[in-house]
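# Coordinate analysis (summary)
As a plain string of letters, each chain reads:
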Amino acid sequence: MAPAVRAEHITKSYDDTVALDGVSLTVEQGEIFALVGPNGAGKTTLVRTLTGTAPPTSGSITILGKSPDLIEKDRIGLLPQSFTPPERLTARELLSYYGGL
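Residues numbered from 1 in each chain as written. Predicted model: local features only at pLDDT ≥ 70, side-chain atom pairs only at ≥ 80, totals over all residues. Heavy atoms only, no water.

### Quick look at the sheet that holds strand S1 (residues 5-14)
Ordered by their spatial adjacency, three strands build an open sheet running S2-S1-S3, and the pairing between neighbours is antiparallel. Strand pairing shows two members of the sheet lacking a second neighbour, strand S2 (17-27) and strand S3 (58-63), which therefore form its edges. Going from strand to strand, the sheet's axes swing by 20° on average, the running direction of each strand aside. Where S1 lies against S3, five bridges are found, and the strand directions are antiparallel. In the sheet register, Ala7 faces S3, and the bridge partner there is Ile61. (Pairing = 2+ DSSP bridges. Helix = DSSP H or I, 4+ residues; strand = E, 2+ residues; numbered from the N terminus. Axes fitted to C-alpha atoms, helices over the stretch in contact; angles between N-to-C directions.)

Here it is as structure tokens:
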């Protein structure tokens, strides 16, 4: 059985800012997992790469054995701490988000 989530050596950069630098993790199916850390640690960026909303700069990710952009969207559930799309998404990202629902 494939892990629920596998991320290997994930990096994500925004221009000169490195948000993720070689992050690796495996979450087995049925396992409870929490992502905890201080503001600015890269938690949101990691979740965005894992869910396919922000492709990593390098590294590999699988969700239930598939690439995040190929997994059926109803297989991923995510409840963010707060959701204020106009403040954190571009207009294009907002349209893409709602179009994906």
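Anyway, onward from the coordinates.
### Notes on the pattern of salt bridges
Under the definition given, this model contains two salt bridges. Note that Arg48 is salt-bridged to Glu93, the shortest N-O span being 3.5 Å. Of the two residues, Arg48 is situated in helix H1 (residues 43-50) and Glu93 in helix H3 (residues 91-100); the sequence distance between them amounts to 45 residues. Residue class for Arg48 comes out partly exposed when judged on its relative accessible area of 23%. For Glu93, a relative accessible area of 31% puts it in the partly exposed group. For the salt bridge of Lys66 with Glu72, the shortest nitrogen-to-oxygen distance reads 2.8 Å. Classification of Glu72 by relative accessible area gives partly exposed; the value is 38%. (Salt bridge = Lys/Arg side-chain N within 4 Å of Asp/Glu carboxyl O. Buried < 20%, exposed > 50% of the residue type's maximum accessible area, 1.4 Å probe, protein only.)

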